[in-house]
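Take a look at the letters that make up each chain.
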Amino acid sequence: MIKENLLNIKARIDFICARTGRPSVGITLACVVKNRSVEEIKQALDAGITDIGENKVQEAGLHFNAIRNTRYASGLNWHMVGHLQTNKVREAVKIFALIHSVDSLRLAEEIDRQAARINKIQDILIEVNVSQEESKFGISPKELSDLVAAIRVLKNVRLLGLMAMAPATDEPQKVRVYFRQLRGLLEKVNTECRPKDALVILSMGMSHDFEVALEEGANLVRIGKAIFEV
Ligand SMILES: *Cc1c(COP(=O)(O)O)cnc(C)c1O
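Notes on the structure in this doc start here. (Residues numbered from 1 in each chain as written. Predicted model: local features only at pLDDT ≥ 70, side-chain atom pairs only at ≥ 80, totals over all residues. Heavy atoms only, no water.)

With that out of the way, let us pick up the packing of helix 6 (residues 144-152) against helix 7 (residues 176-191). Helix 7 packs onto helix 6 with a crossing angle of 50° between their chain directions and a minimal axis gap of 11 Å. One way to sum up the angle between helix 6 and helix 7 is to call them oblique. As helix 6 packs across helix 7, the resulting crossing turns out to be right-handed. Residues Leu 144, Ser 145, Val 148 and Arg 152 of helix 6 touch helix 7, and the partners they reach there are Leu 185, Lys 188 and Val 189. Split into classes, the residues belonging to the contact of helix 6 with helix 7 amount to 4 nonpolar, 1 polar and 2 charged. (Axes fitted to C-alpha atoms, helices over the stretch in contact; angles between N-to-C directions. Helix = DSSP H or I, 4+ residues; strand = E, 2+ residues; numbered from the N terminus. Parallel < 35°, antiparallel > 145°, perpendicular 65-115°, else oblique. Left-handed = near helix turned anticlockwise from the far one by under 90°. Contact = heavy atoms within 4.5 Å. Nonpolar A, V, L, I, M, F, W, Y, C, P; charged D, E, K, R; others polar.)

Given below as structure tokens:
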């Protein structure tokens, strides 16, 4: 089932890319494995997954340790897509290639400090609360420029792009406006910086809305349910 689901998702990604004139090799599919067993994760890896998304550091640690000494480990990228508490950063920088959910300078500074301890440059994204829902994490769009500027001073983090979660809805078309907004914010940030500092990653789109996100310029989609369920 996991293999069929993945083939189906990849075909849908290819279809959108063909229609919008983009190469689908430029799209990263992060397989979100929260609440999944190691067995399920291995099945996804057997089916060709190269990027794993986690939303809790503790669970990620369990998965990471279960996989690290197996044939699955090499070439695998771990993504932190959930909210990150500062007291979990020390563990997080040991695991993750990319942290999607940076939404305060305090968190970015802690990542910088812990990454420096292990001689790492930690790649990060800023999470933006595009829908401005109180229940959602992420910085508000109007605070983005200042946070970008403050983060760029840090030596052991490298800011690569933006991430957002659209509101939950049965109608993916309704969230198009939020994806478009995130893309607009990325373009705005990029007009304010040197070309070499341009943000290049737009992490947006989940099981129910990834096609709309891709149409609006996503190049990293985070998919769980559509891989493991259905
Ligand atoms: C769970 C989760 C996803 C994946 O959602 P699905 O509906 O299972 O595809 C993506 N991003 C974040 C931040 C998540 O927590």
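The next subject is the pairing of strand 5 (residues 122-127). Strand 5 sits mainly inside the fold: 6 of its 6 residues count as buried. The alternating pattern of strand 5 places Gln 122, Ile 124 and Ile 126 and Asp 123, Leu 125 and Glu 127 on opposite faces, both of which are buried. As defined by bridge partners, strand 4 (residues 98-102) adjoins strand 5 across 3 bridges and the pair is classed as parallel. Its bridge partner lying in strand 5, Val 102 is registered against Ile 126. Examined bridge by bridge, strand 5 and strand 6 (residues 157-163) share 6 bridges and lie parallel to one another. Note on strand 6: the bridge partner recorded for Ile 126 is Leu 162. What joins strand 5 to strand 6 is helix 6, and the crossover it makes is right-handed. (Buried < 20%, exposed > 50% of the residue type's maximum accessible area, 1.4 Å probe, protein only. Pairing = 2+ DSSP bridges. Right-handed = clockwise from strand over helix to strand, strands pointing away.)

Okay, the side chain of Ser 101 next. Within the fold, Ser 101 resides in strand 4. Under the relative-accessibility criterion, Ser 101 is labelled buried at 0%. Of note is the side chain of Ser 101, whose polar atom sits 2.6 Å from the backbone oxygen of Gly 82. (Polar contact = N/O pair within 3.5 Å; in protein donor to acceptor, adjacent residues only side chain to side chain.)

Moving on to the site of the ligand. The immediate surroundings of the ligand are formed by Val 32, Lys 34, Val 81, Met 165, Met 206, Ser 207, Arg 222, Ile 223, Gly 224 and Lys 225. Here Ser 207 contributes a side-chain N or O atom positioned 2.4 Å from an oxygen atom of the ligand. Take Lys 225: an N or O atom from its main chain is 2.8 Å from an oxygen atom of the ligand. Here the ligand, which alone exposes 390 Å², has 92% of that area covered by the protein. Judged by its atoms lying within 2 Å of the grid points, the ligand is housed in the largest pocket. Class assignment for the residues of the shell around the ligand results in 5 nonpolar, 2 polar and 3 charged. (Near = heavy atom within 4 Å. Areas by Shrake-Rupley, 256 points an atom, 1.4 Å probe, with all protein chains shown as cover. 1 Å grid on protein atoms, 1.4 Å probe; cavity = no way out; pocket = protein on both sides within 12 Å on 5 of 7 lines; lining within 4 Å. Sits in = over half its atoms within 2 Å of the grid points.)

Let us look at the layout of surface pockets. Taken as a whole, the largest pocket holds about 480 Å³ of empty space. As for the largest pocket, its lining consists of 21 residues, of which Val 32, Lys 34, Asn 55, Met 165 and Met 206 are closest to the centre. What the second largest pocket holds in volume is close to 220 Å³. Taken together, Lys 10, Ile 13, Asp 14, Ser 24, Val 25, Ile 27, Thr 28, Leu 29, Gly 48, Ile 49, Thr 50 and Asp 51 form the lining of the second largest pocket. Those elements giving two or more residues to the lining of the second largest pocket turn out to be helix 1 (2-20) and strand 1 (28-32). Here the lining of the second largest pocket gets 3 residues from one element, more than from any other, and that element is helix 1. Residue composition of the lining of the second largest pocket, grouped by class: 5 nonpolar, 4 polar and 3 charged. (Points joined across faces, edges and corners; volume = space filled by probe spheres on them.)

Any functional reading would require information beyond the geometric quantities listed.
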